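Residues per chain, in single letters:
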Amino acid sequence: MALAQEKTYSISDIYALPEGQRAELIDGQLYNMAPPSTAHQKISWKLHQTIANYISSQNGNCDIYAAPFAVFLNADDKNYVEPDLSVICDRSKINDRGCLGAPDWIIEIVSPSTQQMDYGIKLFKYRTAGVLEYWIVNPMLHTVTVYDFAHGKKTCQYSFEDNIPVCIYKNFNICLSKIIG
């Protein structure tokens with residue numbers, strides 16, 4: 001007797017979801033997304049504002065996008081994610097649908113329902129797709145885990161009170177406790 005086959009989904013299935021329903025697609029598997037909490041939204045907005053202000057002050061050529069923003073990680077129709085924040089420095093990757101390829105810097109803000117995804121599946125997918133820097137912000141533990149894939153440096157964990165160096169920008173540090181109050 002043959003084993004039951006799991007259905008493999010594609011990006012067309014993402015676009016066929018009912019209005020207001022959000023999901024991510026990783027290796028052909030759909031992962032539903034719950035609405036973010038108020039604390040999550042505040043952290044996302046404050047980080048977005050801080051990073052956008054820095055890029056603007058440096059006359060930078062990077063853009064920052066907040067979820068929901070489509071990121072098509074690979075050149076296939078089996079991977080679609082919506083990172084909480086995406087910094088993209090190669091504007092040729094951006095079109096009307098989102099980002100085609102890996103952003104330079106991705107930030108995910110953990111919730112109880114996303115921990116396994118953020119620390120496991122997404123970590124692997126982002127690294128193999130070519131993301132240069134990946135931050136996991138954990139509001140429950142008041143920690144930020146930084147993965148510097150571009151420079152092959154070891155993973156560092158910081159508290160919200162630390163000045164966290166941004167790997168893709170020299171001389172840019174973020175202290176979450178200062179920006180979120």
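Up top is the structure these notes are about.
Residues numbered from 1 in each chain as written. Predicted model: local features only at pLDDT ≥ 70, side-chain atom pairs only at ≥ 80, totals over all residues. Heavy atoms only, no water.

1. Observations concerning helix H3 (residues 115-129)
- Its 15 residues place the ends of H3 20 Å apart at the C-alpha level, agreeing with the 21 Å of an ideal helix rising 1.5 Å per residue.
- Taken residue by residue, H3 has Met117, Asp118, Lys122, Leu123, Lys125 and Tyr126 as its buried positions.
- Buried positions along H3 lie against strand E1 (23-26), strand E2 (29-32), strand E8 (105-109), strand E9 (133-138) and strand E10 (143-148).
- Within two residues after H3, Gly130 carries a phi angle of roughly 105 degrees, on the positive side. (Helix = DSSP H or I, 4+ residues; strand = E, 2+ residues; numbered from the N terminus. Expected span 1.5 Å × (residues − 1). Buried < 20%, exposed > 50% of the residue type's maximum accessible area, 1.4 Å probe, protein only. Contact = heavy atoms within 4.5 Å.)

2. A closer look at unusual backbone geometry
- Note the cis peptide between Ala67 and Pro68, where omega equals 0 degrees.
- Relative to the helices and strands, Pro68 resides in the loop between strand E3 (63-66) and strand E4 (71-72).
- The backbone phi angle of His142 is positive, close to 60 degrees, even though this residue is not glycine.
- Position of His142 relative to the elements: it lies in the loop between E9 and E10.

3. Looking at the sheet that holds E8
- The strand order E3-E5-E8-E9-E10-E11 describes an open sheet built from six strands, whose pairing is mixed. Both edges of this open sheet fall to E3 and strand E11 (156-159), since each of them pairs with a single strand only. Ignoring strand direction, the axes of neighbouring strands in this sheet form an average angle of 15 degrees.
- Summarising the sheet, E8 and E9 pair through five bridges and their orientation is parallel. Bridging from a neighbouring strand, Glu108 pairs with Ile136 of E9.
- The strands that helix H2 (residues 38-57) touches are E3, strand E5 (85-88), E8 and E9; relative to E8, the one it contacts most, it runs at about 160 degrees.
- The sheet contacts of H3 involve E8, E9 and E10, and relative to E9 the element is tilted by about 180 degrees. (Pairing = 2+ DSSP bridges. Axes fitted to C-alpha atoms, helices over the stretch in contact; angles between N-to-C directions.)

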